[in-house]
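# Coordinate inspection notes
Listed below are the residues making up each chain.
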Amino acid sequence: MEEIRFHGRGGQGAVIGSEVLAHAFFIEGKYVQAFPAFGVERRGAPVTAFCRVDERPIHLRNQIYTPDHIVILDPTLIENSGVTEGLKQNGTVLINGKRPPADYGKMLPPGFRIYVVDAASIAVRFRLGSPSNPIVNTAILGAFSRATGLLKLESVKEAIREYVPAKTEENVQAARAAFDQVIRAE
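The model shown is predicted, which means the values in this text are computed figures rather than measured ones.

## Let's talk about the overall build of the protein chain
The number of helices and strands found in the protein chain is 7 helices and 9 strands. What you see for the protein chain is a C-alpha radius of gyration of 15 Å, in line with the 16 Å of a compact globule of 186 residues. Reported as C-alpha extents along the three principal axes, the dimensions of the protein chain are approximately 40 × 35 × 35 Å. When burial is assessed residue by residue, the protein chain has 53% of its 186 residues classed as buried. Residue pairs at least 24 apart in sequence account for 59% of intrachain contacts in the protein chain once pairs closer than 6 positions are excluded. Taken as a whole, the protein chain presents about 8,800 Å² of accessible surface, with 51% of it coming from carbon and sulfur. Measuring between centres, the 22 positive side-chain charges of the protein chain sit 3 Å from its 20 negative side-chain charges.

Shown next, in the form of structure tokens:
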């Protein structure tokens, strides 16, 4: 089983991102779960969402406490909210950020594989959200595909086409761009 935890802020698309990712895995024949955990429900408040994937039916019905992978949609969450809590050794941390990957490596505990993509700039380029509040969820899924190698980019693109009702092709192009631009921290 692979367990993925998303950390973002209200309005960034963390919940929909986890659902689209689950759908992409479903397209590849996997069993999936996707669900959110809301705190204060308002734009800009921290949001956590979860995605589970397995080859067999999933019977767990709890939050993910020891994820294999973490997706961080807002890099300001790194310093304040314990986003890597429970992350397995050698787990993946995928960050939407503008800083060099090594900078994030200094902010996180050792022992994780860190990837960075500027999904916000990609979202702005494809007019997903506004420049002050870009919706980065579909872009980050393209980066997730490349960083983890768990699923094909084509499955992510197909899931976006089936699941995202607005600006579908712009979202697909954003996923493709993030797939090409994600960088691993050394």
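There's more to say after this.
## Some thoughts on unusual backbone geometry
Trans is the prevailing form of peptide bonds, just as negative phi is the prevailing case for residues other than glycine. Backbone geometry places N90, a non-glycine residue, at a positive phi of 70°. A positive phi is found at R127, a non-glycine position, where the angle reads about 60°. Relative to the helices and strands, R127 resides in the loop between α4 (119–125) and β7 (129–130). With relative accessibility at 62%, the residue R127 sits in the exposed group.

## A word on the packing of aromatic side chains
The tally for this structure, following the rule as stated, stands at 1 aromatic pair. In this structure, R99 is placed above the aromatic ring of Y104, and the distance from its NZ or CZ to the ring centre is 5.8 Å.

## Let's talk about helix α1 (residues 14–27)
Between its first and last C-alpha atoms α1 spans 20 Å; for 14 residues at 1.5 Å apiece the expected length is 20 Å, and the two agree. Within the sequence span of α1, burial applies to A14, V15, G17, S18, V20, L21, A22, H23, A24 and F25. Once α1 finishes, G29 follows within two positions and takes phi at roughly 90°, a positive value.

## Looking at the packing of α1 against helix α5 (residues 137–148)
At a minimum axis separation of 9 Å, α1 and α5 run at an interaxial angle of 45°. In terms of their interaxial angle, α1 and α5 are classed as oblique. In this structure, α1 meets α5 at a crossing whose hand is right-handed. Here I16, G17, V20, L21 and F25 of α1 come into contact with α5, specifically with N137, L141 and F144. Across the contact of α1 with α5, the residue classes break down as 6 nonpolar, 2 polar and no charged.

## Observations regarding the layout of surface pockets
Taken as a whole, the largest pocket holds about 200 Å³ of empty space. Around the largest pocket sit 16 residues that line it, and R5, H7, T48, S81 and G82 are the ones nearest its centre. Among the elements of the structure, β1 (2–9) and β3 (46–54) are those that each provide at least two residues to the lining of the largest pocket. Residue contributions to the lining of the largest pocket peak at 4 residues, all from β3. By residue class, the composition of the lining of the largest pocket is 7 nonpolar, 7 polar and 2 charged. Estimated volume of the second largest pocket: approximately 160 Å³. Every residue lining the second largest pocket is listed: I16, L128, G129, I135, N137, T138, Y163, V164, P165, A166, K167 and N171. By residue class, the composition of the lining of the second largest pocket is 7 nonpolar, 4 polar and 1 charged.

Scoring rules and cut-offs
- Residues numbered from 1 in each chain as written.
- Predicted model: local features only at pLDDT ≥ 70, side-chain atom pairs only at ≥ 80, totals over all residues.
- Heavy atoms only, no water.
- Helix = DSSP H or I, 4+ residues; strand = E, 2+ residues; numbered from the N terminus.
- Rg over C-alpha atoms; globule rule 2.2 N^0.38 Å.
- Buried < 20%, exposed > 50% of the residue type's maximum accessible area, 1.4 Å probe, protein only.
- Contact = heavy atoms within 4.5 Å.
- Areas by Shrake-Rupley, 256 points an atom, 1.4 Å probe, with all protein chains shown as cover.
- Lys, Arg positive; Asp, Glu negative; His and termini not counted.
- Charge placed at Lys NZ, Arg CZ, Asp CG, Glu CD.
- Phe/Tyr/Trp six-rings, centres within 6.5 Å; stacked < 30°, edge-to-face > 60°.
- Lys NZ or Arg CZ within 6 Å of the ring centre and 35° of its normal.
- Expected span 1.5 Å × (residues − 1).
- Axes fitted to C-alpha atoms, helices over the stretch in contact; angles between N-to-C directions.
- Parallel < 35°, antiparallel > 145°, perpendicular 65-115°, else oblique.
- Left-handed = near helix turned anticlockwise from the far one by under 90°.
- Nonpolar A, V, L, I, M, F, W, Y, C, P; charged D, E, K, R; others polar.
- 1 Å grid on protein atoms, 1.4 Å probe; cavity = no way out; pocket = protein on both sides within 12 Å on 5 of 7 lines; lining within 4 Å.
- Points joined across faces, edges and corners; volume = space filled by probe spheres on them.

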